[in-house]
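Notes for the structure review
Now for the letters of each chain:
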Amino acid sequence: MARKFNPFRATLGATPPVLVGRSDVLEDFALALDEGPGSHERVTLITGARGIGKTVLLNAFENAATERTWWVISETATPGFVNRIRDTAYRRMVGHLREHRQRLSSVTLGGYSLNWENAESHRPDTTLRDVLTEFLDLQRQLDANLRQDPVGLLITLDELHYSVRDEVRDFGATIQHLVREDAEIAVAMAGIPGAIRPLLASNDAQNPVTFLRRANRVELGAVQDVEVELGLVGPVEDIGGRWASDALAVAVSACGGYPFMIQLVGQWSLRFSDGDVVYREAADRGVAKAQRKLGQLVHEPALEDLSDVDRTYLAAMARDDGPSRTAEVATRLGVTAQYANQYRRRLIEAEMIRSVAQGYVEFELPYMRDYLRGHIVNEAFDAVLGEEEQPRIPGL
Ligand SMILES: Nc1ncnc2c1ncn2[C@@H]1O[C@H](COP(=O)(O)OP(=O)(O)OP(=O)(O)O)[C@@H](O)[C@H]1O
Ligand SMILES: [Mg+2]
């Protein structure tokens, strides 16, 4: 096995060597590109926990579009994204027009106000809608002229967040308009549920993000163990190696269906092996290291965003080996059930926990319990509650 090359990609946003468990979603989206305007999946909204694979799925959507010779604009929904999309569309449209100027000049471009000589700059009040409308019309004429399949535009928008709700509304209005006009356009957006829920829930008539509500919803979750296995085996075989069967079993089960863990476990198990075969010992060490890495990369930042009180709630939950009874958590914290309920709600919104049954909650992210037991429980929880002290919530 080529020792230096490690095929796994344990980095957020990095396309994995084998993308597992997403073929249905990918196929639906690709089909929608082929079927033409009006396909529901052409406007898709992906939600899911951190590290579940939203960004890499957007990348796969982009590849599907590129394979069809579509245009792709890839943006992150930070402030100013609408103008950035407008500018990118404009710049590329102009480049495209120049390339095909000769051909296009032979067809009728009636109705265009575009100044061919000054195509470098556009008026500051030009909207995204103006630019996309022009762009799509010109592309349509070019397609007709060349007698080729319609070339569309895919816009991907990652890290969608309610803090940019005004821009999302403008963007949505533009896209909805173009979709109504049967334009060759597709949009795929992604974000964590907590950042998107407020957008979907908004009842404000002035802020109707109906565009998002109507979108095709893809809720990404864990992948099946058989898929995890494919994700671990394929890349190792590709570099001429293999997993010993007991090592593979350990690795698969450690991933718990969580895509980020496939990459972490794969990467570290390989690093700890020194022959062509990944043996049990390397897998055990790889798993332990992967869990620590997951703590640093996912758990720690997620916990940092929370208040002390919220962390204490999680620490109280971590004392259970499985789902926690909310009444029991309240008792551990020494507060009333109603009081604890407020934290529970906040933590659900923050994607840290989920309700699993009436009166029970469970951690959203894999290995959060272990992480809390190893770090927060001892340092924060015991320090806050004290062994002998009357339990109290800090800051209250
Ligand atoms: N389907 C998959 N198969 C194999 N590996 C995957 C899959 N999806 C994601 N990964 C791997 O998991 C890691 C996280 O993926 P990604 O960055 O797409 O997550 P995300 O949902 O966008 O996370 P965040 O919310 O933090 O942006 C990457 O290392 C990626 O290679
Ligand atoms: Mg991402």
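Just so you know, these numbers come straight off a predicted model, no measurement behind them. (Residues numbered from 1 in each chain as written. Chains lettered and ligands numbered in written order. Predicted model: local features only at pLDDT ≥ 70, side-chain atom pairs only at ≥ 80, totals over all residues. Heavy atoms only, no water.)

As a further point, take the overall build of the protein chain. In terms of helices and strands, the protein chain carries 17 helices and 10 strands. The buried share among the 396 residues of the protein chain stands at 51%. A total accessible area of about 19,400 Å² is found for the protein chain, and carbon and sulfur atoms account for 46% of it. (Helix = DSSP H or I, 4+ residues; strand = E, 2+ residues; numbered from the N terminus. Buried < 20%, exposed > 50% of the residue type's maximum accessible area, 1.4 Å probe, protein only. Areas by Shrake-Rupley, 256 points an atom, 1.4 Å probe, with all protein chains shown as cover.)

Another point: the site of ligand 1. Around ligand 1 lies a shell of 24 residues, among which Arg9, Gly13, Ala14, Val20 and Lys54 are the nearest. Within the backbone of Gly53, a nitrogen or oxygen atom sits 3.0 Å from an oxygen atom of ligand 1. Here Gln263 contributes a side-chain N or O atom positioned 2.9 Å from a nitrogen atom of ligand 1. Alone, ligand 1 offers 640 Å² of accessible surface; in the complex the protein occludes 97% of this. If you map ligand 1 onto the pockets, it falls in the largest pocket. When residues of the shell around ligand 1 are traced back to their parent elements, those giving at least two are helix 2 (54-67) and helix 11 (259-271). (Near = heavy atom within 4 Å. Polar contact = N/O pair within 3.5 Å; in protein donor to acceptor, adjacent residues only side chain to side chain. 1 Å grid on protein atoms, 1.4 Å probe; cavity = no way out; pocket = protein on both sides within 12 Å on 5 of 7 lines; lining within 4 Å. Sits in = over half its atoms within 2 Å of the grid points.)

With 77 residues, the main nonpolar core has Leu232, Trp243, Tyr313 and Leu314 as its most contacted residues. Here this core takes 8 residues from helix 12 (residues 280-304), the largest share from any one element. With 38 residues, the next largest nonpolar core counts Ile73, Leu128, Ile175 and Leu212 among its residues. (Core = buried A, V, L, I, M, F, W, Y, C linked by side-chain atoms within 4.5 Å.)

Let's shift gears to the environment of Gly80. Among the secondary structure elements, Gly80 is positioned in the loop between strand 2 (71-76) and helix 3 (81-99). A relative accessible area of 25% places Gly80 in the partly exposed class. Placed 84 residues apart in sequence, Gly80 and Val164 show a C-alpha to C-alpha distance of 8.9 Å.

Looking now at the pairing of strand 3 (residues 153-158). Across the 6 residues of strand 3, 6 count as buried, placing the element largely inside the fold. The side-chain alternation of strand 3 yields two buried faces, one formed by Leu153, Ile155 and Leu157 and the other by Leu154, Thr156 and Asp158. Here strand 2 runs beside strand 3; their pairing, made up of 6 bridges, is parallel. The residue of strand 3 that forms the bridge with Glu75 is Leu157. Across 5 bridges, strand 3 lies against strand 4 (residues 185-191) in parallel orientation. Paired with Leu153 across the bridge in strand 4 is Ile185. Following the backbone out of strand 3, through helix 6 (residues 165-180) and into the adjacent parallel strand 4, one traces a crossover that is right-handed. (Pairing = 2+ DSSP bridges. Right-handed = clockwise from strand over helix to strand, strands pointing away.)

Within the structure shown, the criterion is met by 6 aromatic pairs. Consider the rings of Phe29 and Phe61, whose centres lie 4.0 Å apart with planes at 5°: the pair is stacked. In this pair, Phe29 sits in helix 1 (residues 23-35) while Phe61 sits in helix 2, placing the two residues 32 residues apart along the sequence. Considered together, Phe29 and Phe61 belong to a single accessibility category, that of buried residues. Here Trp268 and Phe272 contribute two aromatic rings whose centre-to-centre distance is 5.8 Å and whose plane-to-plane angle is 40°, an arrangement assigned as tilted. Using a relative accessible area of 25% as the deciding quantity, one classes Phe272 as partly exposed. Three or more aromatic residues joined by ring pairs make a cluster, and in this case those are Phe81, Phe171 and Phe211. One residue, Lys289, lies across the ring of Trp268, its end atom 4.7 Å from the ring centre. (Phe/Tyr/Trp six-rings, centres within 6.5 Å; stacked < 30°, edge-to-face > 60°. Lys NZ or Arg CZ within 6 Å of the ring centre and 35° of its normal.)

At a minimum axis separation of 8 Å, helix 10 (residues 245-255) and helix 11 run at an interaxial angle of 145°. Our pair here, helix 10 against helix 11, has a crossing hand that is right-handed. Contact residues: helix 10 offers Ala251, Ala254 and Cys255, while helix 11 offers Met261, Ile262 and Val265. (Axes fitted to C-alpha atoms, helices over the stretch in contact; angles between N-to-C directions. Left-handed = near helix turned anticlockwise from the far one by under 90°. Contact = heavy atoms within 4.5 Å.)

As a further point, take the sheet that holds strand 10 (residues 360-363). With antiparallel pairing, 3 strands are arranged side by side in an open sheet as 8-10-9. Lying at the two open borders of the sheet, with one neighbouring strand each, are strand 8 (324-325) and strand 9 (353-357). Direction of pairing for strand 9 relative to strand 10: antiparallel, over a ladder of 4 bridges. Across the sheet, the residue bridging to Ala357 is Tyr360, located in strand 10. Those strands touched by helix 13 (residues 308-317) are strand 8, strand 9 and strand 10, and its axis lies near 100° from that of strand 10. Along the sheet, helix 15 (residues 337-349) makes contact with strand 9 and strand 10, crossing strand 9 at roughly 110°.

Counted as a void, the largest pocket has a volume near 1,000 Å³. Elements represented by at least two residues in the lining of the largest pocket include exactly helix 2, helix 7 (193-201), helix 11 and helix 12. Its boundaries defined by the atoms lining it, the second largest pocket holds a volume of some 380 Å³. Lining the second largest pocket are 23 residues, and of these Ala49, Pro193, Leu220, Glu351 and Glu364 sit closest to its centre. Elements with a contribution of two residues or more to the lining of the second largest pocket: helix 7, strand 5 (216-219) and strand 9. The biggest single contributor to the lining of the second largest pocket is helix 7, with 4 residues. (Points joined across faces, edges and corners; volume = space filled by probe spheres on them.)

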